[in-house]
Number of protein chains: 2
Amino acid sequence: MARIKGQGPTDKELAILKVLWAKGPSTVRQVNDEINKQEKTGYTTTLKLMQIMTDKGLLIRDDSTFKHVYEPAASAEDTENRIVGDMLDKVFAGSAEKLVMRALSAKQITAEERKNIRQILDQMED
Amino acid sequence: MARIKGQGPTDKELAILKVLWAKGPSTVRQVNDEINKQEKTGYTTTLKLMQIMTDKGLLIRDDSTFKHVYEPAASAEDTENRIVGDMLDKVFAGSAEKLVMRALSAKQITAEERKNIRQILDQMED
DNA sequence: TGAATTTTACGAAACGTTTCGTATTTCATT
DNA sequence: AATGAAATACGAAACGTTTCGTAAAATTCA
């Protein structure tokens, strides 16, 4: 049942993961309520999605109680790294430099953010 | 017929665009030959895809001659910026800093690349 | 206990992408 | 012009995602 292809989570799957990362282990209702703050979605739709994500290995389900509790199988950090890594290969032929350039030009960043990025670069010099 | 949603090109669409960006305006056969160097794909499959991409506004077709010639409607630069911008919003809540951090940790980059990134940051200080 | 409520399970429809078979059109060669 | 080769057009199937209606199961509470 485990995920085979290298494709990352879909948009809807990512929305569910973000709720779980932010709120911690949650029931379908909790996730659906949260998602409905941004976009109206039927309860069974969210349920089905989370069941499929469990089959795929994206979520872990505790069904020892009536209201099943779900949590992400992977951390936000790992998942974000994976998504960025996929895009790196797919769009930029593996060049992190090109991706960074695009990220910087795609959105105006503040002097503060530039400073933080420099610090990260400094830390990598070792 | 123009594309409505903000979604970027799909994987296959991107593969076609990359060929056209690299090789310049091309026929379906030229694109299909190029794609088949990496993955076997039927000629009519590529044809259909390029026809749909034309409908979507991703490609521009010159059908004044027998062998239609296609070219991308947008530059690689614009498309890459768009893809990164979408990911920025979708995954990183608009934080370019977070995306850059992930890009740097997703792949080992060289001292040379770090230097180039610093130069980009320097240029933004004005 | 029994009725109402909440949750889960299941199946299928709607949608977009990708693939390809077949028919039609256009061109090149003789 | 006739034949064969190459290209395009068309339709539909296969696939995965997303949506939801309905049924079944579990829980709550009156």
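Only a predicted model underlies this, so the values are computations on that prediction, with no experimental measurement involved.

**Quick notes on the relation of the copies chain A and chain B**
Reasoning step 1: With an RMSD of 0.1 Å, the fit of chain A onto chain B corresponds to turning through 180° and sliding 0.0 Å along the axis. Overall, the copies show the geometry of a two-fold rotation axis. Taking the C-alpha atom as reference, chain A places Val 100 of chain A closest to the rotation axis, 2.9 Å from it.
Reasoning step 2: Taken as a fraction of all interface residues of chain A, those also at the interface in chain B reach 100%, which identifies the copy contact as same-surface.

**A word on the domain arrangement of chain A**
Reasoning step 1: When cut into domains, chain A gives domain 1 (11-72) and domain 2 (95-126).
Reasoning step 2: Computed over C-alpha atoms, the centres of domain 1 of chain A and domain 2 of chain A are 33 Å apart.

**A word on the pairing of strand β2 (residues 69-72) of chain A**
Residue and element names in this part refer to chain A.
Reasoning step 1: By the alternation rule, side chains of β2 split into Tyr 70 and Pro 72, which are all buried, and Val 69 and Glu 71, of which none is buried.
Reasoning step 2: For strand β1 (residues 59-62) and β2, the ladder comprises four bridges, and the chain directions are antiparallel. Residue pairing in the sheet places Leu 59 in a bridge with Pro 72 of β2.
Reasoning step 3: In textbook terms, the turn of a hairpin is the stretch between consecutive antiparallel strands, and for β1 and β2 this stretch comprises six residues.

**Observations regarding the protein's contact with DNA strand D**
Reasoning step 1: The environment of DNA strand D is made up of 20 residues, and the closest members are Thr 10 and Phe 66 of chain A together with Arg 29, Tyr 43 and Gln 51 of chain B.
Reasoning step 2: Counting only the atoms of DNA strand D within 4 Å of the protein, the fraction contributed by sugar and phosphate is 68%.
Reasoning step 3: Between Thr 45 of chain A and DNA strand D, the recorded distance is 3.3 Å, taken from a side-chain N or O atom to a phosphate oxygen.
Reasoning step 4: At 2.7 Å, a side-chain N or O of Gln 51 of chain B approaches a phosphate oxygen of DNA strand D.
Reasoning step 5: Elements with a contribution of two residues or more to the surface near DNA strand D: α3 (43-56) of chain A together with α2 (28-35) and α3 (43-56) of chain B.
Reasoning step 6: In terms of residue class, the surface near DNA strand D is built from six nonpolar, seven polar and seven charged.

**With respect to the protein's contact with DNA strand C**
Reasoning step 1: Within the structure, DNA strand C sits among 20 residues, and Arg 29, Tyr 43, Gln 51 and His 68 of chain A together with Thr 10 of chain B are positioned closest to it.
Reasoning step 2: At 2.8 Å from a phosphate oxygen of DNA strand C is found a side-chain nitrogen or oxygen belonging to Gln 51 of chain A.
Reasoning step 3: Looking at the surface near DNA strand C, the elements with two or more residues in it are α2 (28-36) and α3 of chain A together with α3 of chain B.

**Concerning the interface of chain A and chain B**
Reasoning step 1: Each partner contributes residues to the interface: chain A has 42 residues there, and chain B has 42 residues.
Reasoning step 2: Both faces combined, the contact of chain A with chain B buries some 4,200 Å², and carbon together with sulfur accounts for 63% of it.
Reasoning step 3: Run the count over chain A and chain B and you get twelve salt bridges.
Reasoning step 4: In this structure, Asp 11 of chain B and Lys 90 of chain A form a salt bridge, with 3.0 Å as the shortest nitrogen-oxygen distance.
Reasoning step 5: Scanning the region where chain A abuts chain B turns up 18 residue pairs in polar contact (both at pLDDT 80 or more).

**Considering the packing of helix α6 (residues 111-124) of chain A against helix α6 (residues 111-124) of chain B**
Reasoning step 1: Closest axis-to-axis distance for the α6 of chain A/α6 of chain B pair is 11 Å, and the angle between their directions is 160°. Classified by the angle between their axes, α6 of chain A and α6 of chain B sit roughly antiparallel to one another. Here α6 of chain A runs over α6 of chain B; the crossing is left-handed. Along the contact surface, α6 of chain A presents Arg 114, Ile 117, Arg 118, Leu 121, Asp 122 and Met 124 of chain A, while α6 of chain B presents Arg 114, Ile 117, Arg 118, Leu 121, Asp 122 and Met 124 of chain B.
Reasoning step 2: Looking at the contact of α6 of chain A with α6 of chain B residue by residue, the classes come out as six nonpolar, no polar and six charged.

Calculation notes
Residues numbered from 1 in each chain as written. Chains lettered and ligands numbered in written order. Predicted model: local features only at pLDDT ≥ 70, side-chain atom pairs only at ≥ 80, totals over all residues. Heavy atoms only, no water. Least-squares fit on C-alpha atoms with pLDDT ≥ 70 in both. Contact = heavy atoms within 4.5 Å. Domains from an automatic or database assignment. Buried < 20%, exposed > 50% of the residue type's maximum accessible area, 1.4 Å probe, protein only. Helix = DSSP H or I, 4+ residues; strand = E, 2+ residues; numbered from the N terminus. Pairing = 2+ DSSP bridges. Near = heavy atom within 4 Å. Polar contact = N/O pair within 3.5 Å; in protein donor to acceptor, adjacent residues only side chain to side chain. Nonpolar A, V, L, I, M, F, W, Y, C, P; charged D, E, K, R; others polar. Buried area = accessible area lost by both parts, 1.4 Å probe. Salt bridge = Lys/Arg side-chain N within 4 Å of Asp/Glu carboxyl O. Axes fitted to C-alpha atoms, helices over the stretch in contact; angles between N-to-C directions. Parallel < 35°, antiparallel > 145°, perpendicular 65-115°, else oblique. Left-handed = near helix turned anticlockwise from the far one by under 90°.

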